Amino acid sequence: MSLKFGSRRTIVVSSPEIAKEMLQKHDLEFSGREIRDAARALDHHKFSVFWLPAQSQWRNLRKLCKERIFSSERLNASQGLRQEKVQQLCNYVRQHGLKGQTINIGEAAFSTSLDLMRNTFFSVDFAQFDSISNSNTSREIKEMVWTALKTAASPNLVDYFPVLSAIDPQGIRRTAKSSYGKLLDIIDGIIRQRSQERNTSNTYLRKNDFLETLLDLNQQNESVLSYMGMKHLILDLLVGGTETSSVTVEWAMAELIRNPEKKSKARDEIMEIIPQNEMVQESDISNLPYLRSVIKETFRLHPPAPFLVHQAESDAEINGYMVPKSADLLVNVWGIGRDPSLWSDPTSFVPERFMDTEIDVKGQHFELLPFGSGRRICPGLLLADRMAHLMVAALLHKFEWKLEEGIKPEELDMTENFEATINKAVPLKAIAVLEP
Ligand code: HEM
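Per an unreviewed UniProt entry, the chain carries the name Cytochrome P450 76T24-like and comes from Coffea arabica. The UniProt entry for the chain carries the following text under Subcellular location (unreviewed entry): "Membrane". Check the Cofactor (unreviewed entry) section of the UniProt entry for the chain; it says "heme".

Visitor: Looking at this model, I keep getting lost on the overall build of the chain. Mind explaining?
Guide: Tallying secondary structure elements over the chain gives 15 helices and 11 strands in all. Its C-alpha atoms give the chain a radius of gyration of 22 Å, near enough to 22 Å, the size a compact globule of 436 residues would have. By its C-alpha atoms, the chain is 65 × 65 × 40 Å across when sized along the principal axes. Counting only carbon and sulfur atoms, one obtains 51% of the accessible surface of the chain, whose full area is about 19,300 Å². Averaging the locations of the 53 positively and 58 negatively charged side chains of the chain gives two centres separated by 4 Å.

Visitor: When you look at the packing of helix α11 (residues 227-258) against helix α15 (residues 381-398) in this model, what are you seeing that I'm missing?
Guide: Between two packed helices, the angle of one axis relative to the other and the distance separating the axes together describe the packing. At their nearest, the axes of α11 and α15 sit 10 Å apart, and the two run at 35° to each other. For the pair α11 and α15, the sense of crossing is right-handed. Side by side, α11 and α15 meet where Gly241, Ser245, Thr248, Val249, Ala252, Met253 and Leu256 of the first sit next to Ala384, Met387, Ala388, Met391, Val392, Leu395 and Leu396 of the second. Tallied by class, the residues present in the contact of α11 with α15 amount to 11 nonpolar, three polar and no charged.

Visitor: Please clarify how empty space enclosed by the protein should be interpreted in this entry.
Guide: Where empty space is left in the structure can be found by rolling a water-sized probe over the atoms. Scanning all chains against the criterion turns up two cavities of 30 Å³ or more. Its volume calculated, the largest cavity comes out at about 50 Å³. Surrounding the largest cavity, Leu89, Val93, Ile103, Ile105, Ala108, Ala109, Val249, Leu395 and Trp401 form its lining. Of all elements in the fold, only α4 (79-98) and α5 (105-122) reach the threshold of two or more residues within the lining of the largest cavity. Examining the composition of the lining of the largest cavity, we find that three residues originate from one element, α5, more than from any other. Tallied by class, the residues present in the lining of the largest cavity amount to nine nonpolar, no polar and no charged.

Visitor: I tried to follow the layout of surface pockets on my own but got confused; where do I start?
Guide: Reported here for the second largest pocket is a volume of approximately 480 Å³. Along the wall of the second largest pocket there are 18 residues; nearest its centre are Gly106, Glu107, Phe110, Trp146 and Glu243. Within the residue set of the lining of the second largest pocket, elements represented by two or more residues are α5, α7 (138-153), α11 and β10 (422-424). Broken down by class, the residue content of the lining of the second largest pocket amounts to five nonpolar, five polar and eight charged.

Visitor: Looking at this structure, how should I read the sheet that holds strand β1 (residues 2-5)?
Guide: Taken together, the four strands give an open sheet; going across it, the order is β1-β2-β7-β4, and neighbouring strands pair in mixed fashion. Both outer strands of the open sheet, β1 and β4 (307-311), are each paired with one neighbouring strand and no more. With strand direction ignored, the average angle separating the axes of adjacent strands in the sheet is 25°. Sheet topology note: the β4/strand β7 (residues 328-332) ladder contains five bridges and is antiparallel. Opposite Val309, over in β7, you have Leu330 as the bridge partner.

Visitor: For this particular structure, what's the right way to read the nonpolar core?
Guide: As a rule of thumb, nonpolar side chains are buried together in soluble globular proteins. Core analysis: the largest hydrophobic core is formed by 107 residues, its most contacted members being Leu233, Ile234, Met253, Val392 and Trp401. Looking at this core element by element, the count peaks at 15 residues for α11. Ignoring any residue separated from it by four or fewer positions in sequence, one finds Met253 in contact with Ile105, Val392, Leu395, Leu396, Trp401 and Leu428. Counting 18 residues, the second-largest nonpolar core is a separate cluster that includes Val13, Ala327, Val331 and Val333.

Visitor: Any chance you could explain the packing of aromatic side chains here in plain terms?
Guide: Enumeration according to the criterion identifies nine aromatic pairs in this entry. Relative to Phe371, the ring of Phe299 has its centre 5.2 Å away and its plane inclined at 70°; by these criteria the two rings are edge-to-face. Of this pair, Phe299 sits in helix α13 (residues 289-301) while Phe371 sits in the loop between α14 (333-337) and α15, and the two are 72 residues apart along the sequence. With a centroid separation of 5.9 Å and 80° between ring planes, the pair formed by Phe307 and Phe418 is classed as edge-to-face. You can see Phe307 sitting in strand β4 and its partner Phe418 sitting in strand β9 (residues 416-418), a full 111 residues away along the chain. Exposure remark for Phe307: the relative accessible area of 32% places this residue in the partly exposed category. Taken together, the aromatic side chains of Phe70, Phe121, Phe122 and Phe210 make up a single cluster linked through ring pairs. The cationic tip of Arg33 hangs over the ring face of Phe50; the distance from NZ or CZ to the ring centre is 4.0 Å. One Lys or Arg, Arg300, reaches over the ring of Trp343 and ends 5.3 Å from the middle of that ring.

The rules behind each value
- For every chain, the first residue of the written sequence is number 1, and numbering continues from 1 along that sequence.
- Only residues with pLDDT of at least 70 get local features here, since the model is predicted, and only at 80 or more are side-chain atom pairs given and counted; chain-wide, interface and lining totals rely on the full set of residues.
- Only heavy atoms go into the side-chain values, all of them from the structure, while hydrogens and water stay out.
- UniProt positions are given in the numbering used here, feature names are shortened, and annotations may be inferred rather than shown by experiment.
- In this description a helix means any DSSP run of H or I spanning at least four residues, a strand means any run of E spanning at least two, and both kinds are numbered starting from the N terminus.
- Only C-alpha atoms enter the radius of gyration, while the globule expectation follows 2.2 Å times N to the 0.38, with N the number of residues.
- Surface exposure here means Shrake-Rupley accessible area, sampled with a 1.4 Å probe, where a residue is shielded only by the protein chains that are shown.
- Asp and Glu count as negative and Lys and Arg as positive, but His and the ends of the chain are not part of the count.
- We put the charge of a Lys on NZ, of an Arg on CZ, of an Asp on CG and of a Glu on CD.
- Axis definition: a line fitted to C-alpha atoms, over the contacting stretch in the case of helices. Angles run 0 to 180 degrees between N-to-C directions.
- It is the rotation of the near helix from the far one that decides the hand of a crossing: anticlockwise by less than a right angle makes it left-handed, clockwise makes it right-handed.
- We call two residues in contact whenever any of their non-hydrogen atoms come within 4.5 Å of each other.
- Only Asp, Glu, Lys and Arg are considered charged, only Ala, Val, Leu, Ile, Met, Phe, Trp, Tyr, Cys and Pro nonpolar, and every remaining residue, Gly among them, polar.
- Using a 1 Å grid laid over the protein atoms alone, points where a 1.4 Å probe fits but cannot get out form a cavity; open sets with protein on both sides within 12 Å along at least 5 of 7 lines form a pocket; any residue with an atom within 4 Å of a point counts as lining.
- Grid points are joined across faces, edges and corners, and a volume is the space filled by probe spheres set on the points.
- Two strands pair if DSSP finds at least two bridges between them.
- Residues belong to a common nonpolar core when they are buried Ala, Val, Leu, Ile, Met, Phe, Trp, Tyr or Cys residues joined through side-chain atoms within 4.5 Å.
- The cut-offs for exposure are 20% and 50% of the maximum accessible area for each residue type, with area from a 1.4 Å probe on protein chains only; residues under the lower value are buried, those over the upper are exposed, and the others partly exposed.
- A pair of aromatic rings is counted whenever rings of Phe, Tyr or Trp (Trp by its six-membered ring) have centres within 6.5 Å, and the orientation is called stacked for planes under 30 degrees apart, edge-to-face for over 60 and tilted otherwise.
- Criterion for a charge above a ring: Arg CZ or Lys NZ at most 6 Å from the ring centre, at most 35 degrees from the ring normal.

Below is the structure:
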């Protein structure tokens, strides 16, 4: 389907076959991005792995992400930093559970995702993070991350009618400038403090986090990773990884609470291999096939990023149709995930459908593309995969869950809301029931 929005032509792809054609066979031609006006705030687009064209600067950043930040080896080395945060999530849930109070699962998952990422990147937790950033409270930081994501994703008239750029009628670039600026200042403070510690202390103990790796690279070769490049990369990773991970946890828990027999099945599987008094570890995930199917089914029904948005770098012929250079490509991941010709009973939550299949989310199965495919595939996939499984596993392992008085599981409101991601229009609130 070809649509015209203002001055822009958009080709909508709704089938796995054409998605494969464009993202695999014609990957090079379709790996561009049309730079949104918001992304120009503070020149973010000149450094951002998300917005850079798929050329040498972008390739360097992607290589760095793949080999030095998100490799299995690096993630294994930093898993202890994440484990501690999941323990804190469980403590928080327990405290509320003891008092019979409801928990906003999306909010708790957002805070935990942000904590998991901060710890993985900087080995810094809430309190330290706040003191480095002076007066910024954790809530404010969350607000900044959310606003930065939202401004990049919001429909902006300027993107369709560039003549309006000077006016910025919805104020989106101004808002982006403010949220990017505040986050970049915080990141700057953290980098400077670590650099100082590395340079001045003889007894400095190296940390197992990403920042240590980034500073090494920056010191070794500034042309591969400049100081600005480092700051904008961290900004991209924080903004790209937090909300996407937390909405996945919220949807997974909502689907499980709405389907109590699936919840029990997932919980039984975890209980069978991990004693109640121990914590689930990332290394346990490969031994939990039903849990893995639960997360895949969540991605099928509720992909946090419902569309992949690329741009044609050159004219290309697809299935006998000419796609002109500069056209936008919009792969409808959400629609493909619910297509009745591909999935039986597509709107029902049935993790069992993945139990005996090879289908995964790594970009090779075009009927399930929550992380995209091809050269623009999400670089944080392996970290996101670990975080989502770990959080859901911990929430199931340690607690039974019930809804507030008067709400039956089958009546849970599952309405979707599309802002920067597809999130739950009515936040999931549930009560943790503690084991006797
Ligand atoms: C459940 C969690 C996540 C989902 C569903 C998700 C999904 C996606 C999708 C669909 C894309 C666009 C792919 C394309 O254009 O074809 C993307 C790109 C990206 N993601 Fe993720 N993501 C998640 C978590 C993360 C995490 C944890 C990080 C980093 C810590 C991250 C960093 C990025 C970056 C930097 C890009 C831009 C890549 C580029 O343009 O080259 N994401 N993600």
